[in-house]
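Listed below are the residues making up each chain.
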Amino acid sequence: MNMIIMIWHGNMLTILILLVVSFSSIWCRNDPTGIVDLGSLDPPNTSSLSAITSLSSLSLNGMYWDPISKNNNNVIKQSIDTRIAVKTVLPVAVREGRSAVNDMVSKNITMVLENLLKNYENNQLPTHGKGMPTVVKTNILIRSMGPISELDMDYSMDCYFRQYWRDSRLSFLGPIKSLSLSIKMLERIWRPDTYFYNGKHSYVHTITVPNKLLRISQDGDILYSMRLTIKAKCPMELRNFPMDRQSCPLILGSYAYTSRQLIYEWQQGASVNFVPGMTLSQFDLMGSPYRNLTFTRSEGDFSVLQVSFNLQRHTGYFLIQVYVPCVLIVVLSWVSFWIHREATSDRVGLGITTVLTLSTISLDSRTDLPKVKYATALDWFLLMSFFYCIATLLEFAGVHYFTKVGSGEFSVDEEDNWDDDFEEPIGSLASVPRSLRMNHRLTSKRRSSLICPISNGTLGSATSLGIRSPQDAPNVTSMERQTQTERTLPKWRQFLYCLAGDDGYRRQRQREATAGICGRLGQSVNRHVNSVSYIDRAARICFPASFGLLNVCYWMLYVTWQDEFKWQDPPIAFFSH
């Protein structure tokens, strides 16, 4: 009898478990929406399973325990085995129910999409036949920006490009608010033919899979997002380089649909955003204004979106690499004003070295710039530095030509005239040996510097011939190579003679400088010896003062005066197909 009761109760438990599974399947199939949410299945399953477990435990406790029965040990053992079997069967049933529900959900989503795309025409606009254009709203999230090339006049950026539009043909009902679909669905639905008017080379990232997102809501609102790297044209005005400001546009719109069929709009709010902490190496991002506009071409009116990235260039790099070295080189060229004018090779070598160094800096600074038809601010500064270095060389040329006596060569006629002048005074000295007179004649004809003895301002004929009387010997100082500046004419007239390059005046200055040799014997001439040229003295003041004044004007002009950012209509070439 006890065995019959146990078998009957075991069959009852099996029947109850099968009823639970069947109930779950029937409940899923009878869902009126056709789409099942997994979260809504948990409460009924949990309550039913707990009720079944408690019921089975009560039935086992009430039916298998008999205090009068002699087979209590067997009954207890069988009841324990039955409980273990129940606990093992119930989780298996739950897992089977969940897998069945998942299969049902996926089948229902597939059926929904198949029903939506059954009569769908992907070559027609969502508002086809409704008499109004389709509106596509756009926003951009920029991850990084750069490099910005002045040579190619373009820029690059990495961004998330998002487009929103409504297609009522894809609306559906159900507990699921939106569906995230595979990108393969893009081939089966309509999407806008957006392209970048000023784009040069753009591509979609495909690692590890194409970075695209497609999401459809119940109302038919579609989100189409993709990650792009865009390389676009940026027409630059480089007159103020490197203190310039640039406005790089990004222009997008439809390739084929006119504004009567398709309209682009920026999404309300912040339509152009940047990832926090994004920086550029050579520029400061001053702003990113955007606007909607309509452009007219031969095919009709087209809706276009434009965003301009307003950039301010950093000048620190150019200050360190170009401006400061140029200023130091110009200052170095002024050292020649303090070098003795007789040191011809030193002054010329210093001037040529500064010019060649500036040439190297100029060529290096132009390597990353386009060959524009106008001069930039950097070009003007380099030209100014060149001017001062070359002016230093020309200044020494003037000093050498007009005031430095002894380095030039005299003509044959001039030498003959000097010989004739020397004949009379030398012939009047009978006491002078012939060998000394011939030595002096050869010395006067040498093409080299003329050496004038200086003896407390008194120039004697005997000393010029190498004869020193005992009374004059203690007063003679060391021989020096000096040049003579005579103040016989007004300075303005001397300057005019120098500019004209008058040879007669130059010969006269040379004769005056060698008056100790050219004067008659026995005469003493007092002259003021000027070893430093007046041109050098003036250059020591004029060059630094004028260079400093020009630098002040230069920086005030290019730093304080800056063009304001303005909207500029894109050129017609951007819209020509």
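Above this text sits the structure in question.
Caption draft 1: Inspection of a nonpolar patch on the surface at higher detail. Together, W492, F495, L496 and L499 make up an exposed nonpolar region whose accessible area comes to about 500 Å². Here L499 shows up in helix α10 (residues 491-500). A relative accessible area of 59% places L499 in the exposed class.

Caption draft 2: Region of the structure containing the side chain of E395. Tracing the backbone through its elements, the reader meets E395 in helix α6 (residues 377-402). Classification of E395 as buried rests on a relative accessible area of 9%.

Caption draft 3: Representation of the environment of A232 within the structure. Mapped onto the secondary structure, A232 falls in strand β7 (residues 221-233). Along the primary structure A232 and H201 are separated by 31 residues, whereas in three dimensions their C-alpha atoms are 7.1 Å apart. Sequence-distant contacts of A232, defined by excluding residues within four places in its chain, comprise D154, Y155, N198, G199, K200 and L250.

Caption draft 4: Geometry of the nonpolar core. If you look at the biggest cluster of nonpolar residues, it comprises 80 residues, and the most contacted ones within it are I142, Y155, M157, L170, I230, L250 and F309. Ranked by residues supplied to this core, first place goes to α6 with 9 residues. Look past the residues within four positions of I142 in its chain and what remains in contact with it is M157, D158, C159, V272, N273, F274, V275, M278 and F309. Of all hydrophobic cores here, the second largest spans 6 residues; its members include Y197, I251, F295 and F302.

Caption draft 5: Structural detail: the environment of A377. Checked against the element boundaries, A377 lands in helix α6. Linking A377 and L238, residues 139 residues apart in sequence, is a C-alpha distance of 8.3 Å. Look past the residues within four positions of A377 in its chain and what remains in contact with it is R239, N240, F241, M243, Y323, Y554 and Y558.

Conventions adopted
Residues numbered from 1 in each chain as written. Predicted model: local features only at pLDDT ≥ 70, side-chain atom pairs only at ≥ 80, totals over all residues. Heavy atoms only, no water. Patch = residues over 30% accessible without salt bridge, like charges linked within 9 Å, V, L, I, M, F, W, Y side chains within 5 Å. Areas by Shrake-Rupley, 256 points an atom, 1.4 Å probe, with all protein chains shown as cover. Salt bridge = Lys/Arg side-chain N within 4 Å of Asp/Glu carboxyl O. Helix = DSSP H or I, 4+ residues; strand = E, 2+ residues; numbered from the N terminus. Buried < 20%, exposed > 50% of the residue type's maximum accessible area, 1.4 Å probe, protein only. Contact = heavy atoms within 4.5 Å. Core = buried A, V, L, I, M, F, W, Y, C linked by side-chain atoms within 4.5 Å.

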